[in-house]
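# Residue-level structural notes
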Amino acid sequence: MGTSFDTGTNTIRRTERDLGTAIAPAVRPRPETTTRYQRLADEDRGTGGESLADFLGFFSIGLGLSQALMPGLLARVVGIDHADERNRTVMRLMGMREISHGLALLSNQQPEKAAWSRVAGDALDLAMLGGVLANPENKRGRTLFATANVLAVTALDVMCAKQLSKQPDTVAHKYADRGIIHTRRAITIARPVNEVYSFWRNFENLPRFMRHLESVTVLGDRRSHWKARSPVGKSVEWDAEITEDRANELIGWRSLAGADVFNAGTVSFDAAPGGRGTEVRVDLQYDPPFGKLGSKVAMLVREEPGQQVQDDLRHLKQVMETGEIVVSDATKQRGPHPAKPDAEPVTL
Amino acid sequence: MKATCWMGPKKMEVTNVPDPRILSDGDCIVRVTSTAICGSDLHLYNAFMPGLEPGDILGHEFMGEVVEVGRNVKNIAVGDRVVVPFPIACGHCGACTAGLFSLCENSNPNAWMAEKLMGQSPAGIFGYTHLLGGFAGGQAEYARVPFADVGPLKVPEELSDDQVLFLSDILPTGYMGAEMCGIKPGDTVAVWGCGPVGQFAIASAYLLGAERVIGIDRFRYRLDMARQSAGAITINYEEVDSVPDVLKDLTAGRGPDHCIDAAGMEGHSHGLFYMHDRVKQMMRMQPDRPIALREAILSCANGGTVSVIGVYGGLIDKFPMNAVMNRSLTIRTGQCHVHRYMKPLLQRIRKGEIDPTFVITHRLRLEDAARGYSMFNNKEDNCEKVILSA
Ligand SMILES: NC(=O)c1ccc[n+]([C@@H]2O[C@H](COP(=O)([O-])OP(=O)(O)OC[C@H]3O[C@@H](n4cnc5c(N)ncnc54)[C@H](O)[C@@H]3O)[C@@H](O)[C@H]2O)c1
Ligand SMILES: [Zn+2]
Ligand SMILES: [Zn+2]
């Protein structure tokens, strides 16, 4: 591994060398473990999720606009009945800060802009406090306390910055552009590997935890017939075959030619460390009905593919750990429903 | 049955709704004999927690008589008198096995919502937003209790409802708040908020060996209760220039060894920063006003503990991380893992080490829940804790 540091006039060069190990044999991790997890880490982990930054960006702009345009009204909202000019100015300044913050967040091609907006915003806050400190009517202790607060970084900003730096060009995003969904999800189940593997390997169990499956009929050693509800309501059916089956390790499958919905995937089972049970990982690709548009529509009604797989895995965990899928008064109904009992029969 | 429904901000209505039914073989149905309004319910009342829908039945502090059990229920039977812990826990997952019941991995059917906002989902909670499950609450005549073998605790007949009701939430919560501090002999503990949770945090800090406990609030009647009933030294934050300064004075410059935030997301204060926090909260930019939390952090002694039992619902601004990091503070927090404290605290009540009834100031009928909410919210009529009974 060769690295060079440009230090202006001199260039320091390092020569290739074996990195060796710094850890004593007794505490060194087992190579099988590190290799497996490093491979997982290196593979695509993108799920094509939405960005939190957009959401926060719009909120910042909304708040900022109202602060800047209606400072008197907002002052009243927070309990200052007769806002003086200074109060209103402070409100406006805070408003401008929120707007710049929001705009920078939305232009997320340049996340560094968001950082600059934060710096500018913090400067405004400090200026505001400077004014307060200079006013002899204000109590010093409280203001110094407040100053210490301002000097701290805001949790909101940190979260956004983290999100912004997390928009890699993943395989999932590329697939999504072609209308094919590729998703990877995982869950830990507090049951032994052989139990979880056997439960899954009996495909007729799958509809017990996969919301969209109506039935799976095993046709032979490797072939099965699947029937599922699509997001638009009508049933879709296909035949599938097992492409790989390693007991207590991995099951691979894919739909056969002529399927309504092309899909292929693997599910792997690993012993979770420290007796935590089984790590289940699903890697799934499919071509949703009506292609890219279909997947967008599905997202609108919360049928986002990765989320669906995650829900299914959670239901598997519930079934294996507690014997049932957990429901509440609100979730036992389809669609929004208040958290109260209903005289209607359960519709799941 | 009659139930207390949230119909919009500051709008509670007691209406007739269908009776709950057993939905799963592990459920039981409890006929509620006593239930209480919690400071956490006020965050819902004021609509500061995300994930409410008009018509939701609220209430997570309740007890009563078991009137029906599902087929698989073994530990309790029809006729038992039980107190129900507010977090819903399956008893089998990794979190439950580790005693972290409010983090049950299986009990929130809307875990996906919570994951979007918080990264991971905690347990489901009765009557506490769709984000935490969409379970109907216990401020009603009947309630469905999932995982009946794991949660409800049978209580002896010789203890009254008043004596055991708070095992459902606020007594364990105050106790956990003090326990998380890791109190050592000679330690001083400061508690922000002298609501019912703060009162129990103060009392518990003494139970766990604190030398001095300081209670902070602005309502005189609450400070009086903290002083007389729970044994606190009290500070009215409206009467002092700076709470951290007074605390420094009381501890000869060290600061309290442990600081407990029992005020939560609707913290109150004066000045520009309060204004800034309130604007953000009104605009749904920032659901929380972390005023007590910031003050607790800045007041805490070097190397001390900040124990956060006040509830927060979102992202917060101006968090003094520099103080936390450079001064080696430990932050501990969580929704209370009620299940693990119920039995030991029941023992303490039986032995007379603590009498939780001291916080009760108002008793109303379930029909009058709406009045109870507004009174508790506005701290009217020296209201500390409201009990509703059927
Ligand atoms: N962690 C848990 O499991 C759990 C359980 C129950 C309640 N809670 C939370 O505990 C908190 C308190 O509950 P409660 O029932 O006592 O409510 P409460 O509303 O009766 O008490 C809150 C008190 O905090 C005081 N306060 C507000 N700002 C303050 C400040 N800056 N400094 C000092 N005191 C301040 C208020 O005057 C009030 O007396 C709430 O946030 C509630 O949601 C948490
Ligand atoms: Zn509560
Ligand atoms: Zn659990």
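Residues numbered from 1 in each chain as written. Chains lettered and ligands numbered in written order. Predicted model: local features only at pLDDT ≥ 70, side-chain atom pairs only at ≥ 80, totals over all residues. Heavy atoms only, no water.

Within chain A, the regular secondary structure consists of 11 helices and nine strands. Looking at the 348 residues of chain A, the share that counts as buried comes to 42%. For chain A, the accessible surface area stands at approximately 19,100 Å², while carbon and sulfur atoms represent 57% of it. (Helix = DSSP H or I, 4+ residues; strand = E, 2+ residues; numbered from the N terminus. Buried < 20%, exposed > 50% of the residue type's maximum accessible area, 1.4 Å probe, protein only. Areas by Shrake-Rupley, 256 points an atom, 1.4 Å probe, with all protein chains shown as cover.)

Time to look at the side chain of D41(B). Residues and elements named next belong to chain B. Secondary-structure assignment places D41 in helix α1 (residues 39-45). Here D41 occupies a buried position and makes no salt bridge, while the nearest side chain of opposite charge, K385, is found at 6.8 Å. Among the polar contacts listed, one links the side chain of D41 to the side chain of Q139, at a separation of 3.2 Å. Excluding anything up to four places from it in sequence, D41 contacts A36, G59, H60, Q139 and Y373. (Lys, Arg positive; Asp, Glu negative; His and termini not counted. Salt bridge = Lys/Arg side-chain N within 4 Å of Asp/Glu carboxyl O. Polar contact = N/O pair within 3.5 Å; in protein donor to acceptor, adjacent residues only side chain to side chain. Contact = heavy atoms within 4.5 Å.)

Another point: unusual backbone geometry. All names here are of chain A. Positioned with a positive phi, N248 is a non-glycine residue whose angle comes to about 60°. Looking at the element boundaries, N248 is found in the loop between β6 (235-246) and β7 (250-255). Using a relative accessible area of 35% as the deciding quantity, one classes N248 as partly exposed.

Here we take up the coordination of the zinc ion (ligand 3). Residues and elements named next belong to chain B. Protein-derived ligands of the zinc ion (ligand 3) are C90 (SG), C93 (SG), C96 (SG) and C104 (SG), with the metal-ligand distances lying across 2.3 to 2.5 Å. Coordination at the zinc ion (ligand 3) comes from four donor atoms whose angles at the metal span 101 to 119°, giving a geometry best classed as tetrahedral. Spacing between the donor residues of the zinc ion (ligand 3) along the chain follows C-x2-C-x2-C-x7-C. Of the two residues, C93 sits in the loop between β7 (87-88) and α2 (94-97) while C104 sits in the loop between α2 and α3 (111-118), which places them 11 residues apart along the sequence. The pair C93 / C104 is uniform in exposure class, with both members buried. (Donors = N, O, S within 2.8 Å, 3.2 Å for Na, K, Ca; no water. Tetrahedral: all angles 85-135°; square planar, octahedral: opposite > 155°, others 65-115°.)

Residue and element names in this part refer to chain B. Here the zinc ion (ligand 2) is held by the protein donor atoms C38 (SG), H60 (NE2) and D169 (OD), which lie 1.7 to 2.2 Å from it. Mapped onto the sequence, the residues coordinating the zinc ion (ligand 2) show the spacing C-x21-H-x108-D. Residue H60 is located in the loop between β4 (56-57) and β5 (61-69), and its partner D169 is located in the loop between α4 (161-164) and α5 (170-179); the two are separated by 109 residues in the primary sequence. Each of the two residues, H60 as well as D169, counts as buried.

Let us now look at the sheet that holds strand β3 (residues 181-189) of chain A. Residue and element names in this part refer to chain A. Strand order in the open sheet formed by seven strands is β3-β9-β8-β7-β6-β5-β4, with antiparallel pairing between adjacent strands. With one partner strand each, in any of the chains shown, β3 and β4 (213-218) form the two edges of the open sheet. On average, adjacent strands in this sheet sit at an angle of 20° to one another, irrespective of strand direction. Of the pairings in the sheet, the one linking β7 to strand β8 (residues 263-272) comprises five bridges and is antiparallel in character. In the strand pairing of β8, W253 is matched with G265. The strands that helix α1 (residues 31-42) touches are β3, β8 and β9 (277-286); relative to β9, the one it contacts most, it runs at about 35°. Helix α9 (residues 193-201) contacts β3, β6, β7, β8 and β9 of the sheet and is inclined by roughly 160° relative to β8. (Pairing = 2+ DSSP bridges. Axes fitted to C-alpha atoms, helices over the stretch in contact; angles between N-to-C directions.)

The next subject is the site of ligand 1. All names here are of chain B. Looking at ligand 1, there are 32 residues lining it, with S40, H43, D217, R222 and C336 nearest. Interatomic distance of 2.9 Å between a backbone N/O atom of G39 and an oxygen atom of ligand 1. I309 has a polar backbone atom sitting 3.0 Å from a nitrogen atom of ligand 1. Burial of ligand 1 by the protein amounts to 96% of the accessible area it has alone, namely 870 Å². Residue assignment for the shell around ligand 1 shows that the elements contributing at least two residues are α1, α6 (196-207) and β12 (212-217). When grouped by side-chain class, the residues that make up the shell around ligand 1 number 16 nonpolar, 12 polar and four charged. Residue-level mapping places the shell around ligand 1 at the junction of two domains, with at least three residues from each of domain 1 (2-169 + 336-389) and domain 2 (173-333). (Near = heavy atom within 4 Å. Nonpolar A, V, L, I, M, F, W, Y, C, P; charged D, E, K, R; others polar. Domains from an automatic or database assignment.)

All names here are of chain B. What the domain assignment reports for chain B is domain 1 (2-169 + 336-389) and domain 2 (173-333). Taking only C-alpha atoms into account, the centre of domain 1 sits 25 Å from that of domain 2. Of the residues lining the interface, 30 residues belong to domain 1; the matching set on domain 2 comes to 25 residues. Around 2,500 Å² of area is buried between domain 1 and domain 2 when both sides are counted, 65% of it from carbon and sulfur atoms. Considering only the side of domain 1, the residues that lose the most area to domain 2 are F48, F358 and E384, jointly responsible for 30% of the buried surface there. Counting across the interface, domain 1 meets domain 2 through one salt bridge. The shortest N-O distance in the salt bridge between R222 and E384 comes to 3.3 Å. Taken together, the links from domain 1 to domain 2 amount to eight residue pairs in polar contact (both at pLDDT 80 or more). Broken down by secondary-structure element, the contributors of at least two residues to the side of domain 1 that touches domain 2 are α1 and α12 (339-350). Top contributing element to the side of domain 1 that touches domain 2 by residue count: α12, with four residues. Along the lines of polarity and charge, the residues of the side of domain 1 that touches domain 2 split into 17 nonpolar, six polar and seven charged. (Buried area = accessible area lost by both parts, 1.4 Å probe.)

What follows deals with α9(A). Three- or four-residue spacings in an α-helix give side chains the same orientation, since the helix completes a turn every 3.6 residues. Turning to α9(A), its buried residues are V193(A), V196(A), Y197(A), F199(A) and W200(A). Each buried residue of α9(A) lies within a common arc of 160° when the element is viewed along its axis, so the set occupies one face. (Arc of directions from axis to C-beta.)

Another point: the packing of aromatic side chains. All chains considered together, the criterion is met by 12 aromatic pairs over all chains. Through a chain of ring-to-ring contacts, three or more aromatic side chains come together here, namely Y197(A), F199(A), W200(A), F209(A) and F269(A). Taking the ring centre of F203(A) as reference, the NZ or CZ of R201(A) above it sits at 5.7 Å. Above the plane of the ring of F376(B) lies K379(B), whose end atom (NZ or CZ) is 4.7 Å from the centre. (Phe/Tyr/Trp six-rings, centres within 6.5 Å; stacked < 30°, edge-to-face > 60°. Lys NZ or Arg CZ within 6 Å of the ring centre and 35° of its normal.)

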